[in-house]
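This is what each chain is made of:
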Amino acid sequence: MNKEVVKVILWEENQKDFLKKFYDLQFTPRVGEEVYLKKERWKVTRVEHDLEISEINVYMELIKKAKQEKSSHS
């Protein structure tokens, strides 16, 4: 059984900053799904498949920790 390697590249949505590159993932995160990366939680905002070069670009935004800050002041 021959399995092709697909490049999955994770990007930060607003700045288009490169976060990390993975190979041969069992599944690709879906839009709206949360991903834990670099000790922070991210929400997937967009997924682009480029079939010609076997590449998937996953765009994410950082989930703000505003709730924790508010609860510590009360």
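Nothing here was measured: the structure is a model prediction, and the numbers come from that model.

Chemist: So what's going on with the pattern of salt bridges? Which residues, and what values?
Modeler: The full count for this structure, using the stated rule, is five salt bridges. Of the charged contacts in the structure, one is a salt bridge between E13 and R46, with a shortest N-O distance of 3.2 Å. On the criterion of sequence distance, the pair formed by E13 in the loop between β1 (7–12) and β2 (18–23) and R46 in strand β4 (residues 40–50) is long-range, its members being 33 residues apart. Judged by its relative accessible area of 15%, E13 is buried. With relative accessibility at 29%, the residue R46 sits in the partly exposed group. Here E33 and R30 are joined by a salt bridge, their closest N and O atoms 3.8 Å apart. Among the charged side chains, a salt-bridge network with shared partners connects E13, R46 and E48.

Chemist: If you had to explain the packing of aromatic side chains to someone new, which residues and values would you point to?
Modeler: Using the criterion set out here, one finds one aromatic pair in the structure. On the basis of an interplanar angle of 70° and a centroid distance of 5.8 Å, the ring pair of W11 and F18 is categorised as edge-to-face. F18 sits in the partly exposed class, given a relative accessible area of 43%. In this structure, R46 packs its charged tip against the face of Y59, placed 3.9 Å from the ring centre.

Chemist: Pulling in residues and values, what's your account of the confidence of the model for the protein chain?
Modeler: Put simply, the protein chain has an average pLDDT of 80, and 80% of its residues get 70 or more. Averaged pLDDT values for the elements of the protein chain fall to 53 in helix α1 (residues 66–73) and rise to 92 in β4.

Chemist: Describe the side chain of E12, with residues and values.
Modeler: For E12, the location among the structural elements is in strand β1. No salt bridge forms around the buried E12; measuring N to O, its nearest opposite-charge neighbour K64 is 6.5 Å away. Not counting residues within four places of it along the chain, the set of residues in contact with E12 comprises D17, L19, W42 and M60.

Chemist: Would you mind going over the pairing of strand β5 (residues 55–62) in detail, with residue names and values included?
Modeler: β5 sits mainly inside the fold: six of its eight residues count as buried. In this structure, β1 lies alongside β5, joined through six bridges in parallel fashion. Each residue of the ladder has a partner; that of E12, found in β5, is M60. Two elements, β4 and β5, share eight bridges in a ladder whose sense is antiparallel. Each bridged residue has a counterpart across the sheet, and for D50 the counterpart in β5 is E55. Counting the residues between successive antiparallel strands, the hairpin from β4 to β5 contains four residues, one of them, S54, with a positive phi of roughly 50°.

Cut-offs applied
Residues numbered from 1 in each chain as written. Predicted model: local features only at pLDDT ≥ 70, side-chain atom pairs only at ≥ 80, totals over all residues. Heavy atoms only, no water. Salt bridge = Lys/Arg side-chain N within 4 Å of Asp/Glu carboxyl O. Helix = DSSP H or I, 4+ residues; strand = E, 2+ residues; numbered from the N terminus. Buried < 20%, exposed > 50% of the residue type's maximum accessible area, 1.4 Å probe, protein only. Phe/Tyr/Trp six-rings, centres within 6.5 Å; stacked < 30°, edge-to-face > 60°. Lys NZ or Arg CZ within 6 Å of the ring centre and 35° of its normal. pLDDT = per-residue confidence, 0-100. Lys, Arg positive; Asp, Glu negative; His and termini not counted. Contact = heavy atoms within 4.5 Å. Pairing = 2+ DSSP bridges.

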